[in-house]
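# Tertiary structure, described
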Amino acid sequence: MTKLNSKIPEGTLEEKWTKYKSTVPLVNPANKRSIEIIIVGSGLAGAAAAASLAELGYKVKCFCFQDSPRRAHSIAAQGGINAAKNYQNDGDSVYRLFYDTVKGGDYRSREANVYRLAEVSANIIDQCVAQGVPFAREYGGYLSNRSFGGTQVQRTFYAAGQTGQQLLLGAYSALERQIGIGTVTMYSRHEMLDVVVIDGKARGIIARDLITGKLERHFGHAVLLASGGYGNVFYLSTNAMGSNVTAAWKAHKKGAFFGNPCFTQIHPTCIPVSGDHQSKLTLMSESLRNDGRIWVPKKKDDTRKPKDIPEDERDYYLERRYPAFGNLVPRDVASRAAKERCDAGYGVGTSKMAVYLDYAAAIERYGKVQANKLNLHNPSKEKIIELGKEVVKEKYGNLFEMYEKITDENPYETPMRIYPAVHYTMGGLWVDYDLMTTVPGMYALGEANFSDHGANRLGASALMQGLADGYFVIPYTIGFYLSNEIRTKAIPTDHPAFVETEKKVQEQLDKLMNIKGTKSVDHFHKRLGKIMWDKCGMARNEKGLTEAISEIRTLREEFWKDLRIPGGQNEFNPELEKAGRVADFLELGELMCKDALNRRESCGGHFREESQTEDGEAKRDDTNFTYVAAWEFKGVGESELHKEELNFDVVHPSQRSYK
């Protein structure tokens, strides 16, 4: 077990990564062919890492629980990917992207990692264009950019409202090329259920074939976890229903510290909950805030249709409260502001837990520009609206179609209704500068680690981090470790550590199947989600968090006494899969509440009611909480806190202001 050492290189911020790349130990091509690497997850981070490491010559095994890497949840990302290209010539730079990310994360991220992310961002765009990713382009052929929350420049590259899908197809193509030539072995419909640790180093995994139920042992000189985030601990979230914490949690129980588990992102533009029947929530891309205006009626409990409410009776509350950024304030600010308006009685829709996202002004503005382009003099209002709708359709059409299919309302004619929802998780496995966890040989990439986003991720930075980690960071940093492993021969999977780890996995599966209670997995998952949302969601307080910890413990006991799993163990059984994941969520949920209880400050989207300014804004406590909370597993319900102090040598913490 290593100590909590971030391994940040010496030198100025601008020199760290360049110097690191120039001096890091390398593995020569002949030795790479005898080194095996396991990658768990095939989303942007996993697919990019698998393709890149295989291209370098390593033998790679890649695992995903979906039937194809193309179904990874990265495909659901909509709005775009950030990069400091400054194509707009509007003042952007590597430093400004770095600054916006550190400030947007409320000064709870590591400077060196964030600067590296900003540095390699431009390379990502070049890589993806070379792969054929169809980024939106201007009329003259230049790549187009748009704005996202928390910035005053246009740095977000996009492919309509399906950027994640297009980027994943690029990474998937690179991955499939390596699969085709035999350097990557792909294991779809396989779920990692534990990590094998030998002499303190990660040396393999136990995976379950989800079709047959058979357990398998796989050796690797290193294990890379690129398994995404844990937002589904809340049950209702924007994540795919299969998204889970199991891979990261099993690693945590084998010694990997968990960093900032309570840092979850609440996304401000989501289709509101419509009833108890829902299993997930649908995200409407933050890119819609680029042109849409957010408002509520000035009158409480106003039941009029939005088109019947005149302009002077509308409260464009983000523009009113934050004039410098308006509708483009960061996600945490926008989310809290929407909740505040709804809690105060100004919400809209049948539930009164929604606000309007209105495109009328954008449609008219674009229509006038288009009319000028077509040399139309004195066009009618109807013609302007018609032309404007065409422009909006080209930029955001699939998002508007999706909204209409779900709500049966035409967003071109009436404003969308939105409300904040659980989305991304900034917390994750603690990693050092090399992306290695506290277990030597075990790495965490993308959303599975904690490293880049602090207490609040800026929009369009998830895709950036996943691809940066996979394409441009791990190919360098893994050499540091593997250069010392070239003499390590492949360890046979009949080694006692593999046998013992598989035995424990089998015992856990048997235990789940033998409960034979009366309640479904979803019954427990929904109850856990309600506890988490009510008491560890957008607003928290000491009383609620203390209650939540007690309630989760009681729920966990009930789960292990009264769970019912239909079907058998040695067959395709989605309920057994879910049961294992919810068992992990029940343990993670308690740790999240402990972390939130310990962090007695408001930070990012994590509003601690005891810590707020006079005008109701979040109040950080830099004196006591400028650190990463890294939790060590000591047994179910038992954890020890370690702290990585954060040093800000370049961007000095200040009160965030978007006014």
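Reading the values: rules and limits
- Residues numbered from 1 in each chain as written.
- Predicted model: local features only at pLDDT ≥ 70, side-chain atom pairs only at ≥ 80, totals over all residues.
- Heavy atoms only, no water.
- Core = buried A, V, L, I, M, F, W, Y, C linked by side-chain atoms within 4.5 Å.
- Buried < 20%, exposed > 50% of the residue type's maximum accessible area, 1.4 Å probe, protein only.
- Helix = DSSP H or I, 4+ residues; strand = E, 2+ residues; numbered from the N terminus.
- Contact = heavy atoms within 4.5 Å.
- Pairing = 2+ DSSP bridges.
- Axes fitted to C-alpha atoms, helices over the stretch in contact; angles between N-to-C directions.
- Expected span 1.5 Å × (residues − 1).
- Arc of directions from axis to C-beta.
- Left-handed = near helix turned anticlockwise from the far one by under 90°.
- Nonpolar A, V, L, I, M, F, W, Y, C, P; charged D, E, K, R; others polar.
- Salt bridge = Lys/Arg side-chain N within 4 Å of Asp/Glu carboxyl O.

Our focus in this paragraph is the nonpolar core. Buried together is how nonpolar side chains tend to be arranged in soluble globular proteins. Ile-81, Leu-224, Tyr-443 and Ile-478 are the most contacted members of the largest nonpolar core, which totals 151 residues. Sort the elements by how many residues they give to this core and helix 16 (residues 574–598) lands first, with twelve residues. Once you skip the residues sitting within four places of it in the chain, Tyr-443 turns out to touch Ala-222, Val-223, Leu-224, Leu-225, Asp-434, Leu-435, Met-436, Thr-437, Ile-474, Thr-477, Ile-478 and Tyr-481. Judged by nonpolar contacts, the second largest core, of 33 residues, contains Ile-271, Tyr-317, Tyr-322 and Tyr-419.

Looking now at the sheet that holds strand 2 (residues 59–63). Pairing between the strands of a sheet comes from backbone hydrogen bonds, and it takes one of two forms, parallel or antiparallel. Spatial strand order, 5-2-1-9-17: five strands in an open sheet with parallel pairing. Lying at the two open borders of the sheet, with one neighbouring strand each, are strand 5 (184–187) and strand 17 (442–444). With direction set aside, neighbouring strand axes in the sheet form an average angle of 20 degrees. Summarising the sheet, strand 1 (residues 36–40) and strand 9 (residues 222–225) pair through four bridges and their orientation is parallel. Each residue of the ladder has a partner; that of Val-40, found in strand 9, is Leu-225.

Excluding glycine, most residues fall at negative phi; most peptide bonds, likewise, are trans. Residues other than glycine seldom take positive phi values, yet Asn-86 does so here, at roughly 55 degrees. The partly exposed category is assigned to Asn-86, whose relative accessible area is 26%.

This next bit is on helix 13 (residues 496–513). Over its 18 residues, helix 13 extends 26 Å from the first C-alpha to the last, a length consistent with the 26 Å expected when each residue adds 1.5 Å. Within the sequence span of helix 13, burial applies to Ala-497, Phe-498, Thr-501, Glu-502, Val-505, Leu-509, Leu-512 and Met-513. Projection of helix 13 onto a plane perpendicular to its axis shows the buried side chains occupying an angular sector of 145 degrees, all on one side. Summarising the contacts, the buried residues of helix 13 are in contact with strand 6 (190–198), strand 7 (201–209), strand 8 (215–219), helix 15 (542–562) and helix 16.

At a closest axis distance of 8 Å, the pairing of helix 3 (residues 44–56) and helix 6 (residues 163–180) adopts a crossing angle of 35 degrees. Crossing of helix 3 against helix 6: the hand is left-handed. Across the interface between the two elements, Leu-44, Ala-47, Ala-48, Ala-50, Ala-51, Ala-54 and Glu-55 of helix 3 pack against Leu-167, Leu-168, Ala-171, Ala-174, Leu-175, Arg-177 and Gln-178 of helix 6. Its residues placed into classes, the contact of helix 3 with helix 6 shows eleven nonpolar, one polar and two charged.

To continue, consider the sheet that holds strand 15 (residues 416–425). Spatially, the five strands line up as an open sheet ordered 11-15-14-12-13, and their pairing is antiparallel. With partners counted over all chains shown, the strands left at the sheet margins are strand 11 (264–270) and strand 13 (314–315), one partner each. Relative to strand 15, strand 11 runs antiparallel, the two being bridged by four bridges. Counterpart to Ile-266 in the pairing with strand 15 is Val-422.

Okay, the pattern of salt bridges next. Per the counting criterion, the structure on display carries 58 salt bridges. Close ionic contact of Glu-55 with Arg-177 constitutes a salt bridge, the shortest N to O distance being 2.7 Å. A residue pair is termed long-range when its members are at least 10 positions apart, and Glu-55 in helix 3 and Arg-177 in helix 6 qualify at 122 residues. A salt bridge links Arg-71 to Asp-67, with the nearest nitrogen and oxygen atoms 2.6 Å apart. One salt-bridge network, in which partners are shared between bridges, spans Asp-106, Arg-108, Asp-332, Arg-599, Glu-601, Arg-620, Asp-622 and Arg-656.

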